[in-house]
Amino acid sequence: MKIQISSEVDSREITKKDGERMTIVNQVARLFFGPDDFRNRMFNVSLEDANRPYAAGFYTLGPKSFVTNEYDRLSLGYDLEL
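Keep in mind that what you see is a predicted model, and the values were worked out from it rather than measured.

Parameters at a glance
Residues numbered from 1 in each chain as written. Predicted model: local features only at pLDDT ≥ 70, side-chain atom pairs only at ≥ 80, totals over all residues. Heavy atoms only, no water. Core = buried A, V, L, I, M, F, W, Y, C linked by side-chain atoms within 4.5 Å. Buried < 20%, exposed > 50% of the residue type's maximum accessible area, 1.4 Å probe, protein only. Helix = DSSP H or I, 4+ residues; strand = E, 2+ residues; numbered from the N terminus. Contact = heavy atoms within 4.5 Å. Phe/Tyr/Trp six-rings, centres within 6.5 Å; stacked < 30°, edge-to-face > 60°. Lys NZ or Arg CZ within 6 Å of the ring centre and 35° of its normal. pLDDT = per-residue confidence, 0-100. Patch = residues over 30% accessible without salt bridge, like charges linked within 9 Å, V, L, I, M, F, W, Y side chains within 5 Å. Areas by Shrake-Rupley, 256 points an atom, 1.4 Å probe, with all protein chains shown as cover. Salt bridge = Lys/Arg side-chain N within 4 Å of Asp/Glu carboxyl O.

I'd like a rundown of the nonpolar core, residues and numbers included.
Counting 7 residues, the largest nonpolar core is built from Ile3, Ile5, Ala29, Leu31, Val45, Leu61 and Leu80. Elements supplying a minimum of two residues to this core: strand S1 (2-15) and strand S2 (21-32). When sequence neighbours within four positions are dropped, the list of residues in contact with valine 45 reads Ile5, Val25, Asn26, Gln27, Ala29, Tyr54 and Leu80.

Put into structure tokens, the structure is as follows:
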């Protein structure tokens, strides 16, 4: 499984319940399941620092990217290891 990270970074500000302002920064990515997979599976990768986005290109998911959910099913975790 490969991830293609684009150079596109999106940030937005939200207000938390306590009134504190918070900035959420995402980078656009696309998921490929195999060499013949041309379906468009776009998603966002959360960034901790807007000034340190991933370089555009292809990445492989590391083992820490996967978690088991409450039903013992494998899923992607919130913090991806690329």
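Anyway, onward from the coordinates.
Lay out the packing of aromatic side chains in plain terms, naming residues and giving numbers.
Under the counting rule described, the total for this entry stands at 1 aromatic pair. Relative to tyrosine 59, the ring of tyrosine 54 has its centre 5.7 Å away and its plane inclined at 65 degrees; by these criteria the two rings are edge-to-face. Owing to a relative accessible area of 29%, tyrosine 54 belongs among the partly exposed residues under this scheme. Taking NZ or CZ as reference, lysine 2 lies 4.7 Å from the ring centre of phenylalanine 58, over its face.

Now, about the confidence of the model for the protein: what can you tell me, with residues and values included?
On average, residues of the protein carry a pLDDT of 85, and 96% of them reach 70 or more. Considering each helix and strand of the protein separately, the mean pLDDT is smallest for strand S6 (residues 74-76), with a value of 83, and largest for strand S4 (residues 57-60), with 91.

Would you mind going over a nonpolar patch on the surface in detail, with residue names and values included?
Taken together, the side chains of Met1, Phe33, Phe66, Leu74 and Leu76 make up a nonpolar region of the molecular surface, amounting to roughly 480 Å² of accessible area. Its place among the elements puts phenylalanine 33 in the loop between S2 and strand S3 (42-47).

Give a description of the environment of serine 65 that names residues and reports values.
Following the sequence through the fold, serine 65 ends up in the loop between S4 and strand S5 (66-68). The buried category is assigned to serine 65, whose relative accessible area is 0%. Residues serine 65 and alanine 55, 10 residues apart in the sequence, show an inter-C-alpha distance of 18 Å. Discounting chain neighbours no more than four positions away, the residues touching serine 65 are Ser75, Leu76, Gly77, Asp79, Leu80 and Glu81.

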